[in-house]
Amino acid sequence: MENSPSLPTFYIRPASSWSSIGLKELWEYRELLYFLVWRDVKVRYKQTALGAAWAIIQPLMMMIVFSLFFGYLVKVPSDGIPYPVFTFCALLPWQLFAHALTESSNSLVANERLITKVYFPRLVVPIAAVLGGMVDFAIAFVILLLMMAYYGIVPTWAIVTLPGFILLAIMTALGVGLWLSALNVQYRDVRYTIGFLIQFWLFATPVAYSSSIVPERWRPLYGLNPMAGVVEGFRWALLGKSEPPAALLAVSVVVVILVLVGGLYYFRRMEQEFADVV
Amino acid sequence: MSEIPIAIRCEGLSKQYRIGERESYKALRDVITDAAGAPFRRIRTALGNGNGSSNGNSNSEIENSFWALDDVSFEVRRGEVVGIIGRNGAGKSTLLKILSRITKPTRGHAEIHGRVGSLLEVGTGFHPELTGRENIYLNAAILGMRKTEVERKFDEIIAFAEVEKFVDTPVKRYSSGMYVRLAFAVAAHLEPEILIVDEVLAVGDAQFQKKCLGKIGEVAQGGRTVLFVSHNMGAIRNLCSEAIWLDRGQITARGQSVQIVDQYLRSISRSSGSSINLSRAHRYPGFGERLKIKSILFNGGNPIQHGEALTVIMEFQTTSEIHSVALGFGFSSYEGTRLMTSDTDFVQPQRDVPKNFDGTVETTIPHLDLHPGRYNLDIGARSGSSNFLDYLAGCAQIEVLPGPTTPASAMRGGRGLCISAPWLWSEFPGNGNSGNSLVNADNDLTMESDRLA
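Here the residue numbering is sequential within each chain, running from 1 through the sequence in written order. Here the convention is simple: chains get letters from A, ligands get numbers from 1, in the order in which they are written. Reporting in this predicted model follows two pLDDT cut-offs: at least 70 for local features of residues, and 80 or more for side-chain atom pairs to be given and counted; totals over whole chains, interfaces and linings ignore these cut-offs and use all residues.

Okay, the overall build of chain A next. Check the secondary structure of chain A and you find 13 helices and 1 strand. Each residue is classified by how many other C-beta atoms fall within 10 Å of its C-beta atom, where C-beta atoms are placed from the backbone; a count of 20 or more means buried, 12 or fewer means exposed, and values in between mean partly exposed. Across the 278 residues in chain A, those meeting the buried criterion constitute 43%. We call two residues in contact when their backbone-placed C-beta atoms lie within 7 Å. By sequence separation, contacts in chain A at least 24 residues apart represent 81% of the contacts at least 6 residues apart. Labels follow the DSSP assignment, with helices taken as runs of H or I lasting at least four residues and strands as runs of E lasting at least two, numbered in each case from the N terminus.

A few words on the overall build of chain B. A tally of regular secondary structure across chain B gives 10 helices and 19 strands. The proportion of buried residues among the 453 residues of chain B is 36%. Long-range pairs, those at least 24 residues apart, make up 72% of the contacts in chain B between residues at least 6 apart in sequence.

Our next topic: unusual backbone geometry. Residues and elements named next belong to chain B. The phi dihedral of Asp 71 is positive, around 60°, even though this residue is not glycine. Examined against the element boundaries, Asp 71 turns out to sit in strand 2 (residues 65–77). Under the C-beta neighbour-count criterion, Asp 71 is labelled partly exposed, with 15 such atoms within 10 Å. In this structure, Asn 299 takes a positive phi of about 50° despite not being glycine.

Residue and element names in this part refer to chain A. Helix span, expected: 1.5 Å multiplied by one less than the number of residues in the helix. Under the 1.5 Å per step criterion, the end-to-end length of helix 8 (residues 133–151) is 27 Å for 19 residues, consistent within 8% with the ideal 27 Å. Among the residues of helix 8, those classed as buried are Gly 133, Asp 136, Phe 137, Ala 140 and Leu 144. Along the axis of helix 8, the buried positions cluster into a sector of 90°, meaning they face one direction only. Among the exposed residues of helix 8, those oriented more than 90 degrees off its buried face are Ala 138, Val 142, Leu 146 and Ala 149. It is the directions from the helix axis to the C-beta atoms that the arc portrays.

So, about the interface of chain B and chain A. It is common to report an interface's size as the accessible area lost on association of the parts. Chain B puts 43 residues into the contact, and the matching count from chain A is 35 residues. For the side of chain B that touches chain A, the secondary-structure elements that each account for two or more residues are helix 1 (28–46), strand 4 (107–113) and helix 4 (132–143) of chain B. Ranked by residues supplied to the side of chain B that touches chain A, first place goes to strand 4 of chain B with 6 residues. Throughout this entry, Asp, Glu, Lys and Arg are counted as charged residues, while Ala, Val, Leu, Ile, Met, Phe, Trp, Tyr, Cys and Pro are counted as nonpolar. The remaining residues, Gly among them, count as polar. Counted by class, the side of chain B that touches chain A contains 18 nonpolar, 12 polar and 13 charged residues.

This part covers the pairing of strand 4 of chain B. Here a strand pair is declared whenever DSSP counts at least two bridges between the two strands. In terms of strand pairing, strand 1 (residues 9–12) of chain A meets strand 4 of chain B through 4 bridges, oriented antiparallel. In the strand pairing of strand 4 of chain B, Ile 12 of chain A is matched with Ala 110 of chain B. Across 5 bridges, the pairing between strand 1 (residues 6–18) of chain B and strand 4 of chain B is antiparallel. Counted as the bridge partner of Glu 11 of chain B is His 109 of chain B from strand 4 of chain B.

For the rest of this paragraph, the subject is the nonpolar core. Counting 151 residues, the largest nonpolar core has Cys 89 and Ala 173 of chain A together with Phe 228 of chain B as its most contacted members. Look past the residues within four positions of Phe 228 of chain B in its chain and what remains in contact with it is Val 81, Gly 83, Ile 84, Val 197, Ile 216, Leu 239 and Cys 240 of chain B. Core analysis: the next-biggest nonpolar cluster, separate from the first, contains 18 residues, Ile 276, Ile 322, Leu 327 and Leu 389 of chain B among them. A set of buried residues drawn from Ala, Val, Leu, Ile, Met, Phe, Trp, Tyr and Cys, joined through C-beta atoms within 7 Å, is what defines a nonpolar core.

Moving on, we come to the packing of helix 9 (residues 162–186) of chain A against helix 13 (residues 246–277) of chain A. All names here are of chain A. Look at helix 9 against helix 13: their axes get within 8 Å of each other, and the N-to-C directions meet at 30°. It follows from the interaxial angle that helix 9 and helix 13 lie roughly parallel. For the element pair helix 9 and helix 13, the recorded crossing hand is left-handed. Contacts between helix 9 and helix 13 involve Leu 168, Met 171, Thr 172, Leu 174, Gly 175, Val 176, Leu 178, Trp 179, Ala 182, Val 185 and Gln 186 on the former and, on the latter, Val 253, Val 256, Val 259, Leu 260, Gly 263, Leu 264, Tyr 266, Phe 267, Met 270, Phe 274 and Val 277. Of the residues belonging to the contact of helix 9 with helix 13, the class tally is 18 nonpolar, 4 polar and no charged. Convention adopted: a line fitted to C-alpha atoms gives each axis, helices being fitted over their contacting stretch, and angles between N-to-C directions are expressed from 0 to 180 degrees. Note on angle classes: values under 35 degrees are labelled roughly parallel, values over 145 roughly antiparallel, values of 65 to 115 roughly perpendicular, and the remainder oblique. Two helices that cross are described as forming a left-handed crossing if the nearer one is turned anticlockwise from the farther one by less than a right angle, and a right-handed crossing if clockwise.

Another aspect to go through is the packing of helix 4 (residues 83–105) of chain A against helix 10 (residues 190–204) of chain A. Pairs of packed helices are described in terms of their axes, by the angle between the two and the distance that separates them. All names here are of chain A. The geometry of helix 4 relative to helix 10 is characterised by a closest axis approach of 9 Å and an angle of 170° between their N-to-C directions. What the angle tells us is that helix 4 and helix 10 run roughly antiparallel. Residues Trp 94, Ala 98, Leu 101, Thr 102 and Ser 105 of helix 4 form the contact with helix 10, whose participating residues are Val 190, Arg 191, Ile 194, Ile 198 and Leu 202. A breakdown of the residues in the contact of helix 4 with helix 10 according to their chemical character gives 7 nonpolar, 2 polar and 1 charged.

Residue and element names in this part refer to chain B. Relative to the helices and strands, Ile 4 is located in the segment before strand 1. Ile 4 gets classed as exposed once you count the C-beta atoms within 10 Å, which come to 10. For the pair Ile 4 and Arg 78, spaced 74 residues apart in sequence, the C-alpha separation works out to 6.5 Å.

Time to look at the pairing of strand 9 (residues 250–256) of chain B. All names here are of chain B. In this structure, strand 8 (residues 242–247) lies alongside strand 9, joined through 6 bridges in antiparallel fashion. In the strand pairing of strand 9, Ala 243 is matched with Gly 255. Once strand 8 ends, the chain turns through 2 residues before running back antiparallel as strand 9, passing Arg 248 with a positive phi of about 50°.

Here we take up the sheet that holds strand 13 (residues 310–318) of chain B. Pairing between sheet strands relies on hydrogen bonds along the backbone, with the strands arranged either parallel or antiparallel. All names here are of chain B. What the 4 strands build is an open sheet, ordered 10-11-13-17; its pairing is antiparallel. Strand pairing shows two members of the sheet lacking a second neighbour, strand 10 (276–277) and strand 17 (358–365), which therefore form its edges. Summarising the sheet, strand 13 and strand 17 pair through 8 bridges and their orientation is antiparallel. Across the sheet, the residue bridging to Leu 310 is Ile 365, located in strand 17.

Before going further, it helps to spend a moment on the confidence of the model for chain A. What pLDDT conveys is the predictor's confidence in a given residue, as a value from 0 to 100. Mean pLDDT for chain A: 86, with 97% of residues reaching 70 or above. Within chain A, helix 7 (residues 124–131) of chain A carries the highest mean pLDDT (92), whereas helix 11 (residues 219–222) of chain A carries the lowest (84).

Counting through the fold element by element, Arg 248 of chain B comes out in the loop between strand 8 and strand 9. Considered as a pair, Arg 248 of chain B and Ala 68 of chain B are 180 residues apart in the sequence and their alpha carbons are 6.9 Å apart.

This brings us to the sheet that holds strand 7 (residues 225–229) of chain B. Residue and element names in this part refer to chain B. Taken in spatial order, the 6 strands line up as 5-6-7-3-8-9 in an open sheet, and their pairing is mixed. One side of each edge strand has no neighbouring strand; the edge strands of this open sheet are strand 5 (116–119) and strand 9. Each neighbouring strand pair of the sheet contributes to a mean axis angle of 15°, computed without reference to strand direction. With 5 bridges joining them, strand 6 (residues 194–198) and strand 7 adopt parallel strand pairing. The residue bridging Leu 195 from the neighbouring strand is Val 226, located in strand 7. Docked against the sheet, helix 3 (residues 92–99) engages strand 3 (81–85), strand 6, strand 7 and strand 8, running at close to 150° with respect to strand 6. The strands touched by helix 7 (residues 206–221) within the sheet are strand 3, strand 6 and strand 7, with strand 7 carrying the most contacts at an inclination of about 145°.

What follows covers helix 4 of chain B. Across its 12 residues, helix 4 of chain B extends 16 Å between first and last C-alpha, which sits within 8% of the 16 Å expected from 1.5 Å per residue. Across the 12 residues that make up helix 4 of chain B, a large majority, 11, are buried. Of the positions making up helix 4 of chain B, those classed as buried are Gly 132, Glu 134, Asn 135, Ile 136, Tyr 137, Leu 138, Asn 139, Ala 140, Ala 141, Ile 142 and Leu 143 of chain B. Looking at the packing, one finds that the buried side of helix 4 of chain B touches helix 2 (30–47) and helix 6 (112–117) of chain A together with strand 5, helix 5 (147–161) and helix 6 (176–188) of chain B.

Before going further, it helps to examine the confidence of the model for chain B. Residue and element names in this part refer to chain B. The predicted model of chain B averages 80 in pLDDT, with 81% of residues at 70 or higher. Residue range residues 48–61 is modelled with pLDDT below 50. Its contacts to residues more than four positions away, or to other chains, number 6 contacts. pLDDT under 50 marks residues 433–453. Its contacts with residues more than four places away, or in other chains, come to 22 contacts.

This is how it looks when you write it as structure tokens:
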């Protein structure tokens, strides 16, 4: 019995404990990923009266509040950089992370109809949720550049590392998002913990303050919060601080890789039940 | 000599679902409290106490699960069009979901050779805020069409859906008919090697359903493999060469579609052929008090067929003397539009009925011209022309089956009367030849109009 060699063959088997991450298949479905991101962005902008302005308003308002209370009144040290830029620079990756977390944690449940009616690698859903924040990020980035120009801050050569840090931010958001989205399908109360999680995570991350307030010997431990590495990395790449936050960053990168890889495998394992449970 | 290659092969496919009084969602806090209480529970059972609160107790686990599919094995060769029929809950949708890789089997395995396009629902992924054009791209991507393919077929899709003027309006402004047409239009232009279709045609009006079936027929004739689940026996007979009958998760029969459909229909009408007991049916206050209709029986329990005689026997009971009584029944469409009525006083006078009387009324309708399909049954009794004594609307579902004189082109989609009467064509050159384009302009599916002439 010959089957034409050009026809793909699919084997359907009962659920198994471990499956591969399936990167090749993800690549085949890249167009779907694009369309899901496009859909989320388009719908979001069609529905809001402010549209693209919202991408700027949120971090700007936070920056203003932080600058007033932490920068001006409490006089939190900001490594010799004007406080507003200092905090706005950190708000960019933070915003991306927070948005990604909120969207991805509920992404599978929100797309329940897709998941129960069509086949595609389910990883596409939380990835699309995370990437959806890139548009806002890009818009806010322009504002950051304007602010830097206003304060006369010229980036050093370190700026070439910026794409790396952006990637790190996405990986962090994705890593945590994968765990949360898979957990949320089974345990629906996970979604309600996100708000609280983001709130306290914000304070654990050096957005309103500098990580230099943490004593040197504790800084690697502080790096266990991957967003600490991301934020300090951003500041170093863009605002030209004196030295790279090496130890902190190294710990953060390791944590991100562990969380991401762990998240991918956990997700792929739970994926086999999604259509039944969601 | 080469054999036709296999497109789908399943062996021992089984799927178990958990059911239970509680929702299957767990909360993390429940998991934590369960885990905390586990050691105490173990001590309790070790000490020989009863079941107590059973969380994951093995007895309740057995009660709380059922097998939607049980050891299903079959093969489908490339190019075959196979229908899957069965009652609701037989496992048809579960089978399709497993073959579409949406859910995994609990046991067994399957092989699929070729790309699969699944139509398990129409308009999957449509977003109301996006325009028709945007939704076409989105939906096509979801179904697995490449962007270039969509662009190539874009105009065809719009033409099929007949929404040219509205392509740039948000879909939330579409009528439900337009919505469904657009959704199906995208799906209809999928070109997978294997097409799996699940009752998507249950929505939409008759004309649209005919169009969809026509398109599926085209796909089938194009040499692709099709698995088609439907309750529309006419479509199954016309489109599918073979049919598989699933019942309670198992394959009951497989063979030529006409025979399998016949077997299936005979079995369901047997089970629903007994008299319909109405004494406990829900009635609005005030009805069924002075006179109560107890039961209705069609054809002595035998199947009701289009074009054949229909005998009806109604039993009723009174609690007081009533003047000018008439009883009757009617068939209504799904949406509640009354399609047919027959009352005892249409050709005969109303009757006065004594108190505490058990009576029956019966009639024989010489031939029932109602289209094969499902109808809602309405039953009533009145005194005079408008004083209702008892009224039960939509109290049962009645299936009218195709009969020996039912034309093959009478599909379920058109409700109401289906009247077989001869037509005379005016003279023109080529009259009586098949393939005359003027004649066949509207017949998507069959050329059987020739048979009637």
